[in-house]
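Breakdown of the fold
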Amino acid sequence: METSHSELATLEEQMLGGVVTKRGRAIFQRGEGMYLFDTEGRKYLDFTSAQGIAFLGHAHPVMQQALASQASQLMSLPSFLYGETRGRFLRKLAEILPRHLPHVYLCNSGTEAVEAALKFARLATGRTSLVATRKGFHGRTAGAFSLTWSPKTKDQLVPLLPAVTHTTYNQADMLADAVTEKTAGLFLEVVQGEGGVNVGQTEFLQRAQQVCQSRAALLIIDEIQTGFGRTGRWFGFQHADLRPDLVCMAKGLGAGFPMGAVAFTPAVKEKLFVGAHGSTFGGNPLACAAGLTALTAYQELDTVGNALHMGAYLLQGLREKTGHLKIVRDIRGKGLLLGIELRTHVRPFLQTLMLEQGVLMLNAGPRILRLLPPLILEQCHADAAIDAVSSVLAAAS
Ligand code: PLP
């Protein structure tokens, strides 16, 4: 007998419920462009891009075609064999990366990219200490989680990696004290995404780079949430003219297909050796087909320019329609990574937006409503989101 939709939801809750909470009871079945559809046929405007990954929206025809075609030819290929699609993908990635970062390691997620960067930084410098920032987010596996600022959860999981210090974001003098001659690397987001949509000030980011250079520590920019056009430049660090030693990437790289990467300088590569690191699935043909197609589509559709333009439009619209509301404390962000800081908890509003307005959004910490839409959004989608948010927040003000 066919299992009912509601039984499937219950099963998901029972089996996966340990570390996630669900929003609503809708069961999602398919997506198309900016929208997701549930089993009842209800349509939702997706301003989460599935946690910041579906840069081309859902079921984009070029992605469908590329993945189906690659799946019919070759899905699995170990890293010790050369692959045609992998080579083509790397050539495309090299077009987009700054020229001083010609080397790449391929993996399957953001946290894996951070784990690799952490290892590479230690190998390249022969040092063990690492610096990250308060409210920073770098992933949830043990090494990456040591860098993530999450005091409450961390207390229950110590000991994690020793010799990790967290300095205050956007406080250059504190950072200058935290990074020392013992520091292997400084991990920085150019906009703290999960930690509250905190935009890194250019002077802070540039000073961080100077401090790293003066102590011979490596500057490791985590572009997992900000990369591939999210902030209106290919990489967020380009807004501040930085020259990082390593860059961590994931999310938009595969436009929804799981994929991660680290790019690094020849100086870092020189200190690596065969067997220092590796991944069974990293750089598999399906992921590389997704990455090649996604990056090509970003170039052809100018999604980076669209993120800059539509980001400014959204920010202005949100400020005009919600900035005066009592409940709103601040509205900020860069490109299509935007946050509305509330004076109260955000979760009930996320629920109302979904159930009453058919709009999906995220939080970033307890009080910040985060907008992270696909980079293909158009003015009509931005207007719909602005209207939905302003009516839900106005009702509570
Ligand atoms: N780093 C940053 C800046 C992120 O935003 C995230 C995920 O949200 C990660 C690392 C971890 O990525 P993943 O969830 O793919 O492991």
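This brings us to a nonpolar patch on the surface. A grouping of Leu8, Leu11, Met15, Leu16 and Val20 is seen on the molecular surface, where their side chains present a nonpolar patch of about 480 Å² in accessible area. On the secondary structure map, Val20 appears in the loop between α1 (5–16) and β1 (28–32). On the accessibility criterion, Val20 (43% relative accessible area) is partly exposed.

By the definition in use, this model includes 11 salt bridges. Among the salt bridges present, the one from Asp173 reaches Arg207, with a minimum N-O distance of 3.0 Å. Here the residue Asp173 occupies a position in helix α8 (residues 172–178), and Arg207 occupies one in helix α9 (residues 202–215), the gap between them amounting to 34 residues. With a relative accessible area of 54%, Asp173 lands in the exposed category. Taking the relative accessible area as the measure of exposure, Arg207 reaches 29% and is therefore partly exposed.

Around the ligand, 13 residues are found, and the nearest of them are Gly110, Thr111, Asp222, Gln225 and Lys251. The backbone of Thr111 places a nitrogen or oxygen atom 2.8 Å from an oxygen atom of the ligand. A distance of 3.3 Å separates a nitrogen atom of the ligand from a polar atom in the backbone of Phe137. In isolation the ligand exposes 390 Å². Once the protein is present, 87% of that is buried. Along the lines of polarity and charge, the residues of the shell around the ligand split into 2 nonpolar, 6 polar and 5 charged.

Turning to the sheet that holds strand β4 (residues 103–107), a few remarks are in order. Strand order in the open sheet formed by 7 strands is β4-β12-β11-β10-β7-β5-β6, with mixed pairing between adjacent strands. If you trace the sheet from one side to the other, it starts and ends with β4 and β6 (164–167), each paired once. Ignoring strand direction, the axes of neighbouring strands in this sheet form an average angle of 20°. Bridge count for β4 against strand β12 (residues 260–264) is 5 bridges, and the pairing is antiparallel. Looking at β12, one finds that Cys107 is bridged to Gly260.

Relative to the helices and strands, His58 is located in the loop between α2 (49–52) and α3 (61–73). When its relative accessible area of 13% is taken as the criterion, His58 is described as buried. Beyond its immediate stretch of four places on either side in the chain, His58 contacts Gly31, Glu32, Gly33, Tyr35, Leu36, Asp46 and Ala50.

This part takes up the layout of surface pockets. Of the pockets and cavities examined, the second largest pocket occupies roughly 890 Å³. Looking at the second largest pocket, it is lined by 26 residues, and the ones nearest its centre are Ser79, Val104, Tyr105, Leu106 and His277. Among the elements of the structure, α4 (84–96) and β4 are those that each provide at least two residues to the lining of the second largest pocket. In terms of residue count, the dominant contributor to the lining of the second largest pocket is β4 (4 residues).

All right, on to the environment of Ala240 then. If you trace the backbone, Ala240 turns up in the loop between β10 (218–222) and β11 (246–249). Note on Ala240: relative accessible area 3%, which makes it buried. Separated by 40 residues in the primary sequence, Ala240 and Gly200 place their C-alpha atoms 9.2 Å from one another. Contact partners of Ala240, with chain neighbours within four places excluded, come to Thr202, Leu205 and Gln206.

Cut-off values and rules
Residues numbered from 1 in each chain as written. Predicted model: local features only at pLDDT ≥ 70, side-chain atom pairs only at ≥ 80, totals over all residues. Heavy atoms only, no water. Patch = residues over 30% accessible without salt bridge, like charges linked within 9 Å, V, L, I, M, F, W, Y side chains within 5 Å. Areas by Shrake-Rupley, 256 points an atom, 1.4 Å probe, with all protein chains shown as cover. Salt bridge = Lys/Arg side-chain N within 4 Å of Asp/Glu carboxyl O. Helix = DSSP H or I, 4+ residues; strand = E, 2+ residues; numbered from the N terminus. Buried < 20%, exposed > 50% of the residue type's maximum accessible area, 1.4 Å probe, protein only. Near = heavy atom within 4 Å. Polar contact = N/O pair within 3.5 Å; in protein donor to acceptor, adjacent residues only side chain to side chain. Nonpolar A, V, L, I, M, F, W, Y, C, P; charged D, E, K, R; others polar. Pairing = 2+ DSSP bridges. Axes fitted to C-alpha atoms, helices over the stretch in contact; angles between N-to-C directions. Contact = heavy atoms within 4.5 Å. 1 Å grid on protein atoms, 1.4 Å probe; cavity = no way out; pocket = protein on both sides within 12 Å on 5 of 7 lines; lining within 4 Å. Points joined across faces, edges and corners; volume = space filled by probe spheres on them.

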